[in-house]
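Observations on chain architecture
Residue-level listing of the chains:
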Amino acid sequence: MKLYESETVELKEIYTSDLKKEIVAFANTNGGTIYIGVQDSGHIIGVDNADFVMQQISNSIRDSIRPDVSMFTNIELAQEDKKFFIKVTVSQGTKKPYYLSDKGLKPTGVYVRSGTTSAPASEDAIRMMIKMADGDSFEENRSLVQELTFNRLEEELQKRGLEFTEVQMKNLGILSSDDIYTNMGLLVSDQCKHSIKFAVFQGTDKLVFRDRKELTGSLFAQLTDAYKTIDFYNSTKATFHDLFRTDERDYPEDAVREALLNAIVHRDYSFSGSTFINLYSDRLEMISLGGLVSGLSLEAAMLGASQPRNEKLAALFYRMKLIEAYGTGISKIISCYKGLTVQPKFENVEGAFRAVLPNIHAKVLSAEEQKYLPILRLFEKQKEITRSDVEEALGSGTTHAINILKEMLDKDLISKVGNGRLTRYVQK
């Protein structure tokens, strides 16, 4: 009997712990056979204490490889010329990728057969194997990251009197039936790889940043941090009707909440990019990746039709009473602006969805009034301005600055404070 190494045959003189890499590689590729007690030349030298070695192999397969590959392996004792050697037959598995449990779902833990060697699989190859084995559901696919913690999720569940046990994790789709963390688990874990990028700009374009930050962690941490950040910049304006005072935010709080929840719950997390929140002087924009689910038009969504892309994530948010019912987010945002001169806008393009909430206190200038913009932009840096500030902004003389300020006073765009040399102007 003469043996040769090939893409489906591996020869080993003695048993070592590295044998599990070969088993993983065969299970991830087209199967194969490993002979122990055989030299690279194909000469059989046999093994000592074969029963003990077979037990070691069996234990290594059971304890060191995930998912369980035992049903796809067979260990048997063979004999030739009074020499005993071990034959390990590995069939191609159905739950690829198989990986070393102490390394995880990454190239150092996932191996494939390439010629006569077992080589680490690339991340792209690992993702492809997961997709082929688990299907197209991003939430249900196995996470490439398996070292996950859920401190923030557990904290949020406890606030609502909800349990967080292993059974609950499986019911929520965080853990698969074979105890492997899913992408759903990754999203709500403290190690979530997706983020929200928040930016505040001066004026109505992206020329000058006032502030920027990236919000990371569990989606629940990102939700809380994003809402608090928007709330910090969401100014309050007081209006009076007779003797009654009414405080009104630049952006209706319910509209902000619904737009933020929609951006987090319904985005396509198979894209690796961030969710964007951009705050301008006249609007708040939220841009989430993925756009509406295929087959659902923007018009249908505005009527209340809904088809959650991330059903398990939406179900968890619903269970935690963060969303009340499916398909009501856009209509709630629209109702927050009912009767106002400005209205929210929604745009759906291939690969992205944008919600635009207008600042209900932003001054809308006519074409004729566009000449006042250089002056109004001064108020983005300071609360009060002087005539000399206006002269500098316009690059004009004193008379022209005085005339422009008078026009703005007449149009109720600004108000005058003090007299003489102490005269200041504030924005209304």
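So, here is what we can say about the structure in this document. (Residues numbered from 1 in each chain as written. Predicted model: local features only at pLDDT ≥ 70, side-chain atom pairs only at ≥ 80, totals over all residues. Heavy atoms only, no water.)

Moving on, we come to the pattern of salt bridges. Overall, the coordinates contain 27 salt bridges when judged by the stated rule. The partner of Glu10 in a salt bridge is Lys12, with the nearest N and O atoms 3.8 Å apart. The exposure class assigned to Glu10 is buried, which follows from its relative accessible area of 8%. Classification of Lys12 as buried rests on a relative accessible area of 17%. One salt bridge in this structure joins Asp63 and Arg62, with 3.2 Å as the shortest N-O distance. (Salt bridge = Lys/Arg side-chain N within 4 Å of Asp/Glu carboxyl O. Buried < 20%, exposed > 50% of the residue type's maximum accessible area, 1.4 Å probe, protein only.)

In this structure, the largest pocket occupies an estimated 1,400 Å³ of space. Of all elements in the fold, only strand 9 (196–201), strand 11 (236–241), strand 14 (283–290), strand 15 (345–349), strand 16 (351–358), helix 12 (373–376) and strand 19 (424–427) reach the threshold of two or more residues within the lining of the largest pocket. The dominant element in the lining of the largest pocket, judged by the number of residues it contributes, is strand 16, at 3 residues. For the lining of the largest pocket, the class distribution of residues is 16 nonpolar, 12 polar and 15 charged. For the second largest pocket, the calculated volume is near 690 Å³. When residues of the lining of the second largest pocket are traced back to their parent elements, those giving at least two are helix 3 (123–134) and helix 6 (183–188). In terms of residue count, the dominant contributor to the lining of the second largest pocket is helix 3 (6 residues). Across the lining of the second largest pocket, the residue classes tally to 11 nonpolar, 9 polar and 10 charged. (1 Å grid on protein atoms, 1.4 Å probe; cavity = no way out; pocket = protein on both sides within 12 Å on 5 of 7 lines; lining within 4 Å. Points joined across faces, edges and corners; volume = space filled by probe spheres on them. Helix = DSSP H or I, 4+ residues; strand = E, 2+ residues; numbered from the N terminus. Nonpolar A, V, L, I, M, F, W, Y, C, P; charged D, E, K, R; others polar.)

Turning next to the environment of Lys197. Here Lys197 is to be found in strand 9. Lys197 gets classed as partly exposed once you look at its relative accessible area, which sits at 36%. Between the C-alpha atoms of Lys197 and Val112, which are 85 residues apart in sequence, the distance is 37 Å.

By secondary structure assignment, the location of Ser176 is in the loop between helix 5 (166–172) and helix 6. The buried category is assigned to Ser176, whose relative accessible area is 16%.

Before going further, it helps to examine the sheet that holds strand 18 (residues 414–417). Sheet strands pair by backbone hydrogen bonding; their relative direction is either parallel or antiparallel. The strand order 17-19-18 describes an open sheet built from 3 strands, whose pairing is antiparallel. Two strands in the sheet have a free side with no partner beyond their single neighbour: strand 17 (384–385) and strand 18. Sheet topology note: the strand 18/strand 19 ladder contains 4 bridges and is antiparallel. If you follow Lys416 over to strand 19, its bridge partner there is Tyr425. Contacting strand 18 and strand 19, helix 14 (residues 398–410) runs over the sheet at an angle of about 110° to strand 18. (Pairing = 2+ DSSP bridges. Contact = heavy atoms within 4.5 Å. Axes fitted to C-alpha atoms, helices over the stretch in contact; angles between N-to-C directions.)

Before going further, it helps to spend a moment on the pairing of strand 4 (residues 73–80). Sheet topology places strand 4 next to strand 5 (residues 83–90); 8 bridges connect them, and they run antiparallel. Looking at the pairing, Ile75 lines up with Val88 of strand 5. In textbook terms, the turn of a hairpin is the stretch between consecutive antiparallel strands, and for strand 4 and strand 5 this stretch comprises 2 residues, one of which, Asp81, has a positive phi near 55°.

Where helix 7 (residues 219–233) meets helix 8 (residues 253–265), the axes come as close as 11 Å, and the angle between the chain directions of the two elements is 150°. The two elements helix 7 and helix 8 cross, and the hand of that crossing is right-handed. Taking contact as the criterion, the partners of Leu219, Leu223, Ala226, Tyr227, Ile230 and Asp231 in helix 7 are, on helix 8, Glu253, Val256, Arg257, Leu260, Leu261 and Ile264. Class assignment for the residues of the contact of helix 7 with helix 8 results in 9 nonpolar, no polar and 3 charged. (Left-handed = near helix turned anticlockwise from the far one by under 90°.)

With that settled, consider helix 14. For helix 14, spanning 13 residues, the distance from its first C-alpha to its last is 18 Å, which sits close to the expected 18 Å at 1.5 Å a residue. Residues of helix 14 that are buried in the fold lie against helix 12, helix 13 (387–394), strand 18 and strand 19. (Expected span 1.5 Å × (residues − 1).)

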